[in-house]
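For reference, the chains in residue letters:
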Amino acid sequence: MGHANALKKEVPRSILEAPKKIVKSFLQGLLDTDGGTSKKYGNVSFSSSSHKLAKQVQLILLNFGIISSFKEKKTNRNKHYRVQVFGENAILFHKVIGFGLNRKKT
């Protein structure tokens, strides 16, 4: 997948319309690859060069009752978007969704 395609990434409609269990699995996979957590505080972040994908991730989190922040960062090549979950919402993320990869769970 080329760089231009990365800008157009989005959550497939079939996932958006799927039961929460499937949406949770999709989100786990997405954050296992393009997300992370801080070891000290457990805050969660997701980064993408696709504005639509980042906004969709933020909306999906909200559907699970998790409030997040949305930041736009300019890089040398293009804009980059970050969804971050802090504090009580990060705790809720780890309880309700979590990561699939063991190294990110700890």
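A quick note: this is a predicted structure, and the numbers were derived from the prediction, not measured.

Draft legend 1. Quick peek at the packing of aromatic side chains. Applying the stated criterion to the full structure yields 2 aromatic pairs. Between the aromatic rings of F93 and F99, the centroid separation amounts to 5.4 Å while the plane-to-plane angle is 65°, which identifies the pairing as edge-to-face. Neither F93 nor F99 differs from the other in exposure class; each is buried. Positioned above the aromatic ring of F64, the side-chain terminus of K20 is 4.8 Å from the ring centre. The ring of F70 is capped by K55, whose NZ or CZ atom sits 4.1 Å from the centre of that ring.

Draft legend 2. The arrangement of the environment of K74 in detail. Looking at where K74 falls in the secondary structure, it is placed in strand β3 (residues 69-74). C-alpha of K74 to C-alpha of S49: the two residues are 25 residues apart in sequence and 9.9 Å apart in space.

Draft legend 3. Representation of the sheet that holds strand β1 (residues 35-37). Strand order in the open sheet made by the 4 strands is β1-β2-β4-β3, with antiparallel pairing throughout. The sheet is open, and its two edges are formed by β1 and β3, each paired on a single side. Across the sheet, the axes of successive neighbouring strands diverge by a mean angle of 20°, strand direction being ignored. Pairing of β3 with strand β4 (residues 79-85) involves 6 bridges; the strand directions are antiparallel. Counted as the bridge partner of F70 is V83 from β4. Helix-sheet contacts for helix α3 (residues 20-34) involve β1 and β2 (44-48), and the interaxial angle to β2 is about 80°.

Draft legend 4. Expanded view of the pairing of β4. Where β2 and β4 come together, 5 bridges link them in antiparallel fashion. By the bridge assignment, S47 is partnered in β4 with R82.

Draft legend 5. Looking closely at the pattern of salt bridges. What the rule picks out here adds up to 3 salt bridges. Between R13 and E17 there is a salt bridge, with its nearest N and O atoms 2.9 Å apart. Here R13 matches E17 in class, with each residue exposed.

Draft legend 6. Quick peek at the pairing of β2. Across the 5 residues that make up β2, a large majority, 5, are buried. Between the end of β1 and the start of β2, which pair antiparallel, lie 6 residues, with G42 showing a positive phi angle near 80°.

Draft legend 7. Structural context of the nonpolar core. Core analysis: the largest hydrophobic core is formed by 23 residues, its most contacted members being F46, L61 and F93. Those elements that provide at least two residues to this core are α3, β2, α4 (51-63), β4 and α5 (87-96). For this core, the element with the most residues is α4, which contributes 5 residues.

The rules behind the values
Residues numbered from 1 in each chain as written. Predicted model: local features only at pLDDT ≥ 70, side-chain atom pairs only at ≥ 80, totals over all residues. Heavy atoms only, no water. Phe/Tyr/Trp six-rings, centres within 6.5 Å; stacked < 30°, edge-to-face > 60°. Buried < 20%, exposed > 50% of the residue type's maximum accessible area, 1.4 Å probe, protein only. Lys NZ or Arg CZ within 6 Å of the ring centre and 35° of its normal. Helix = DSSP H or I, 4+ residues; strand = E, 2+ residues; numbered from the N terminus. Pairing = 2+ DSSP bridges. Axes fitted to C-alpha atoms, helices over the stretch in contact; angles between N-to-C directions. Contact = heavy atoms within 4.5 Å. Salt bridge = Lys/Arg side-chain N within 4 Å of Asp/Glu carboxyl O. Core = buried A, V, L, I, M, F, W, Y, C linked by side-chain atoms within 4.5 Å.

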